[in-house]
Each structure stands twice: as structure tokens, then as C-alpha cells.
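Architecture at a glance
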Amino acid sequence: MHAKVQLIGQVETQALYDPKWVRYSLIGIAVGFITLFLLSPLLLVLYQAFSKGLQAYWNALSEPDGLSALRLTLLVAVITVPMNTVFGVVAAWTITRFEFPGKNLLTTLIDLPFSVSPVISGLIFVLLFGAQGWFGEWLQAHDIKIIFAVPGIVLATIFITFPFVVRELIPLMQELGCEEEEAAISLGASGWQTFFFVTLPNIKWALLYGVLLCNARAMGEFGAVSVVSGHIRGMTNTLPLHIEVSYNEYDVIAAFASASVLAGLAIVTLVLKTFLEWKQSKAGFSS
Amino acid sequence: MSIVLSNISKNFGQFAALNNVSLEIPEGDLVALLGPSGCGKTTLLRIIAGLESPDAGHVVINGQDKTSEHVSHRGIGFVFQHYALFRHMTVFDNVAFGLRVKPRQSRPGEAEISKKVKSLLDLVQLGWLADRFPDQLSGGQRQRIALARALAVEPNVLLLDEPFGALDASVRKDLRQWLRNLHHELHVTSIFVTHDQEEAMEVASQVVVLNHGQIEQQGAPSAIYDHPSNAFVSKFIGQTNIIRVDQAEKVWLSTTGLDGELGSVAHIRPHHIDLSKAENASQSPVIIKDWQHLGAIIRIELFNALLPDTKSLFAEMPSEHFKQLTLDKGDHVIVKIKHANWFN
């Protein structure tokens, strides 16, 4: 083993390294690209948001329409994320633990929200629940508003963010297998005990990771929500919609101040994501 | 507790894993389910445990029909092939699991649990590992912890799926002896699955030979070895020379003291073949092609000059005896066959 390591070390120093100019120019291109396309927009958002000073920034954020957009965004996330967490665990469990006809179809369908354009996802809900939609008359007769109202936004967001948790869990649960769960029930544990004491601790980091991604998308979703929301100021505008409306009205400070909030959320998400990935790799399997 | 299986059948799609299997296991026995891979032995074990449900048939444990009872209520201890220890729990918590998930009214107090877990860890001689996690243990240690965990709930029946399958040869040998001793101590009815006939013979008091989802033979290891009920069992258990008797073989076999009908098949154990040195080449057409030293036993490969197209015949004898005969490669030997099992 030792000899082998040494050998590889030697080969590496002699032959596996590219010439210096190749290395430095590749690193330069990568860093330049990231600066130009990722870092500079972020800095620009912050620059624009604060271009009229802190007070203007604060005023833009605390303006009623902006606050209402923030509240609605949080409300949508608070409803969507727990639901998709539960759905995700149930779906992953179903797919990895049971054999049933149509399983492959179901597994494929889970990816549908990712493969369909968000605008179409929104349109589906309009076609279903809109005034001219399938359930439109019935909903009107019972005075239930879904499209151009909060329920529509929540439904569209649930649809869009459904795959995040499931897709994190399925590969992990397939790799874990069901032997530990079988061991638990053979020792007399009930289904719930097995889930909480055996399954959940094994999937918790992947689950949190999925939840985090789901949350980031739930707060940032634009396309599908834009179709079903109706853009009613102070009522059905989420943060991303509010940004668009403000920007279109040349209210640059309001647009970029809200954008900086979303960007801040994104950065927090990234940091947490890195932490969770590190945790997950530490909890990895050595068997 | 005794186990009675009656007419168990199980299909996976088109594949018949078990075909009308009936089996009785008396209380306190240590039984091996032995067979080649795909013979249905693990499926049978999982059906007894309740981890798999049979398409037909009944599982009766200690006089009670348990066929439709849930795994968690069957009172069985199951040791998985890859141990299936809970990887996020310490060894102590693993062993305590079965006690902690009991319903409140029958759950022992934490002090009692601790006492019990300690005594179980002492039983498997791993008390010093209580605070470790499974991935810090060796294969043999994991196996013993898995066993302690299964024993914690005081099962009526202990079921082990390929208990030594994933271990090094040397560890395996120790653990076999250890499991046998443990069984003598505890006397809990135990069934283990294995594809290794040596393991089955060494550990079990009863061996059940399975093939293609059916029981070929059941009995004590010595009975199965000495009196195999069919050609499969004879071939599967121990070494066997197989000779299909045609005219030329018949003539040659008669010189070794064996009388066989044309078309029948002789199964001859290597140690049933006696060799003595021939004075000269005309006395016997058989020469020693090769021999190997297997410790106490010498295995000798024989070549029959009269029947050059047939498979080599293997004989075995104690190495002391081999030395006395002063045999070596190329020597002509006179062959006497003491015993053969005949199958058609």
C-alpha cells in the first residue's frame, strides 16, 4: 500500500501535471467567468439597492406592497415546504419499499415538474380552476377563489417544488436498503417506531437538504406563480413578482431592495447547503 | 419451541421459490437449511420470520398458527446476513432497542434494560465495545452484536441468515464453534441458512438439504453424509466420485470389488477407496496422476489407463498411511472400493 502511494506521488509530479501556463490560464478563465456572470450581478443588485442610501433602501423595503409581498412569500413557503416534506417522504418510502404495478411510471412522473416549463405548470392550474376551467363553474357557484388568489399560488408552488425532497431521498433510501427496518420490526417495533428511530435518523441530512432546496425554490418561483397570481398589488404578489412589477415601473430602488432580500436568502441557502453536504458525507457509509 | 411448516409454497412472479415444503423442527434443535444459491432457503427462513408471506401453507410455532401474524408479534429473533445493525446507534443502544420499543406496560425500566444489555454483551464477550458505533467494529464483532440484539427480546426462535457468509475464513471457524457452544448454553430453537455444507455439518444438529424449492433430505449430519437419499444430496454433501456404469466401467469396477448394473450410477466417497502399491505395471492399469497434502489427509488423483476418457478418480487417506505405502506420482496402484451409494 505504502509503496503504491509513493509511486503514484512520483508519477503525479512528473507526468500528470499540465504546464504552468495551461494551469494558470484555465484557472483564470474559470475565475473570470464566475466573477463576470455570478459575482458581478450580485454586487450590482446590492449596489443598486443602496444607491440612494440606507434610508431609501429601508423605505423601499417597508413600503406596504413590498411588505405584503414578503409576507405572502413566507406564507407560501410555510405551507408548501412542510407539505412537500411529508409528500416527499411518503413518495420516497412508497417507491423504495414497495413493489406495485405502475411504479416506474410514478417514478418518472415525479420529475414532471422539472421537465415542464413553469409557465405551463401555471397554465395547468388556470385550465383546471380558472373561470373557464374544468372546475371553474363549480368553484364560482360555491364562491371559492383559487386562481388569482393565494390558494392558486400555493398549489402552483407545491407542484413546482414537489420533486426536491423525493429526489434527494430515493437514491439514499435505495442504497440504505430495508434490512435495518426489517431488523427493527423483527425486534417488535411498530411502523412508527421503525420510522422515527431507524429510518429518519438515517435520512435526516438528505431530508434537510431536500427541504432546503424546496424552500429556496418555493420563495424564488416566478413563472408558474406569475400565471396564477394575477399580480394584484398588496394581495397576490410574491417577492419575485413584486420585483418585476417594481422594475417595470422604474422603481429601481424597490426592485433591487427586494432582490437583495431574495439574494440574501439564496446566500444563506448556499451556506446551509454546503454545511448539509458536509454533514451528509460525514454520515456516509463505511460498510 | 417447536416449529412446524406445512405445505409452504411461494412464487416470485413465474419463479417458484418454494414448492410445497413441509418441515418439522423439534424444540431446542440447531438446524441448518442447506442448499445452493437460489434453492429457496433464505425465502423459507424469511417466511418463518414473517418477513415474507407464503402463497400457501402454514407456519406453526409451538402449536400456534402464526402464518398471518405480523413479524413484530411472532417472538422471533432474526440475525441478518449483513447484520443490519442500526448505524447511528451505539452498540449498547442497538442491543437495547428491542426492549425500549416494547409497549409501555411490558417495558422494563432503564436500569433493568441497562443490566440486561450488559449481561448480553458479556454473553457475546463484547462488553468493552458498548459505546462504539457499528462501523467501528470488525465483521465478527458486528455478527455477535447482531446476535446479542436478537437475543435481547428473549425470542422463542432464533433465525440466522447466512450468519458467517460475510466473514474471513479464520473468524468464521471460531464463530461456528462459538455459536454451537452458545446454543448448548441457551437451548433456544435455532435455524440458520447456509450454502456451505461444511458449515452445516460442523454446527448443526439437524441438516435440511434444499434444492429447487424442495426438501431433498432432512437428518443428522452423519446420516445425511453416510446415507444420502438421492444423487443431489450425495453430490452436494462432501466429495464424491460419480461413475456411470457402462460395459468397460463394469469390467474394471468388478476388479475393485464393486458390482454394478449397466446404466446405474455409483457415488463413491474418496475415503472409501483403498489403495495399495502394485508390484508391476501389469497388475493394475491405474496410476497416481497427482497428490495433494491437505494436512491430516492426502488427496490422490488417479488415472485409469484402460479408461482414458473418463474423469479422474479421487481417493483420500490419512497422511500416515500414505507415508507407510511410500506412494508417489506415476506409481501403479491396486484399487479396492469398500462402499458405494447407487442411484439411477
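A short tour of the structure in this document, coming up. (Residues numbered from 1 in each chain as written. Chains lettered and ligands numbered in written order. Predicted model: local features only at pLDDT ≥ 70, side-chain atom pairs only at ≥ 80, totals over all residues. Heavy atoms only, no water.)

Positive phi, close to 60 degrees, is recorded for Phe148 of chain A, a residue that is not glycine. By the element assignment, Phe148 of chain A lies in the loop between helix H8 (136–141) and helix H9 (150–161). In the Ramachandran plot, Asn20 of chain B falls in the positive-phi region, its phi being about 55 degrees despite a non-glycine side chain. (Helix = DSSP H or I, 4+ residues; strand = E, 2+ residues; numbered from the N terminus.)

This part is about the pattern of salt bridges. Within this structure, the stated rule accounts for 21 salt bridges over all chains. Glu277 of chain A is paired through a salt bridge with Lys273 of chain A; the nearest N and O atoms lie 3.6 Å apart. Taken as a pair, Glu277 of chain A and Lys273 of chain A lie in helix H15 (residues 252–282) at a separation of four residues, close to a single helical turn. You can call Glu277 of chain A partly exposed: its relative accessible area is 35%. Since its relative accessible area comes to 22%, Lys273 of chain A is described here as partly exposed. Here Lys173 of chain B makes a salt bridge to Glu202 of chain B, at a shortest N to O gap of 3.8 Å. In this pair, Lys173 of chain B sits in helix H5 (residues 169–186) while Glu202 of chain B sits in helix H6 (residues 197–203), placing the two residues 29 residues apart along the sequence. The class of Lys173 of chain B is partly exposed, set by a relative accessible area of 45%. By sharing partners, the salt bridges in this structure join Lys173, Arg176, Asp196, Glu199 and Glu202 of chain B into a single network. (Salt bridge = Lys/Arg side-chain N within 4 Å of Asp/Glu carboxyl O. Buried < 20%, exposed > 50% of the residue type's maximum accessible area, 1.4 Å probe, protein only.)

Quite often, the size of an interface is put as the accessible area lost when its parts meet. At the interface, 24 residues of chain B touch 19 residues of chain A. Interface area, chain B with chain A, both sides summed: about 1900 Å², of which 59% is carbon and sulfur. Linking chain B with chain A are two salt bridges. Ionic pairing is found between Arg46 of chain B and Glu182 of chain A, a salt bridge with its closest N-O pair at 2.6 Å. There are four residue pairs in polar contact (both at pLDDT 80 or more) connecting chain B and chain A. Among the secondary structure elements, those contributing two or more residues to the side of chain B that touches chain A are strand E6 (76–79), helix H2 (91–100) and helix H4 (139–152) of chain B. Looking at the side of chain B that touches chain A element by element, the count peaks at three residues for H4 of chain B. (Contact = heavy atoms within 4.5 Å. Buried area = accessible area lost by both parts, 1.4 Å probe. Polar contact = N/O pair within 3.5 Å; in protein donor to acceptor, adjacent residues only side chain to side chain.)

Generally speaking, nonpolar side chains in soluble globular proteins are found buried as a group. In this structure, Val95, Val117, Ile145, Leu147, Leu158 and Val207 of chain B are the most contacted members of the largest nonpolar core, which totals 46 residues. In terms of residues, this core owes the most to one element, H4 of chain B, which gives seven residues. With near-sequence residues (within four places) excluded, Val117 of chain B lies in contact with Phe92, Val95, Ala96 and Leu99 of chain B. Within the second largest apolar cluster, 40 residues are counted, among which are Ala183 of chain A together with Leu5, Val193 and Leu210 of chain B. (Core = buried A, V, L, I, M, F, W, Y, C linked by side-chain atoms within 4.5 Å.)

A few words now on the packing of aromatic side chains. Residue and element names in this part refer to chain A. Tallying each qualifying case throughout the model produces 16 aromatic pairs over all chains. On the numbers, 6.3 Å between centres and 20 degrees between planes, the contact of Phe125 with Phe129 is stacked. Separated by four residues within a single helix, Phe125 and Phe129 lie in helix H7 (residues 118–129), roughly one turn from each other. The pair Phe125 / Phe129 is uniform in exposure class, with both members buried. Between the aromatic rings of Phe195 and Phe196, the centroid separation amounts to 5.3 Å while the plane-to-plane angle is 75 degrees, which identifies the pairing as edge-to-face. (Phe/Tyr/Trp six-rings, centres within 6.5 Å; stacked < 30°, edge-to-face > 60°.)

Turning next to the sheet that holds strand E11 (residues 241–244) of chain B. Residues and elements named next belong to chain B. A sheet is described by the order of its strands in space; here three strands give the open sequence E11-E12-E18, paired in antiparallel fashion. Because the sheet does not close on itself, it has two edges, and the strands there are E11 and strand E18 (341–343). Each strand axis lies, on average, 25 degrees off the axis of its neighbour in the sheet, ignoring direction. Sheet topology places E11 next to strand E12 (residues 265–268); four bridges connect them, and they run antiparallel. Across the sheet, the residue bridging to Ile243 is Ala266, located in E12. (Pairing = 2+ DSSP bridges. Axes fitted to C-alpha atoms, helices over the stretch in contact; angles between N-to-C directions.)

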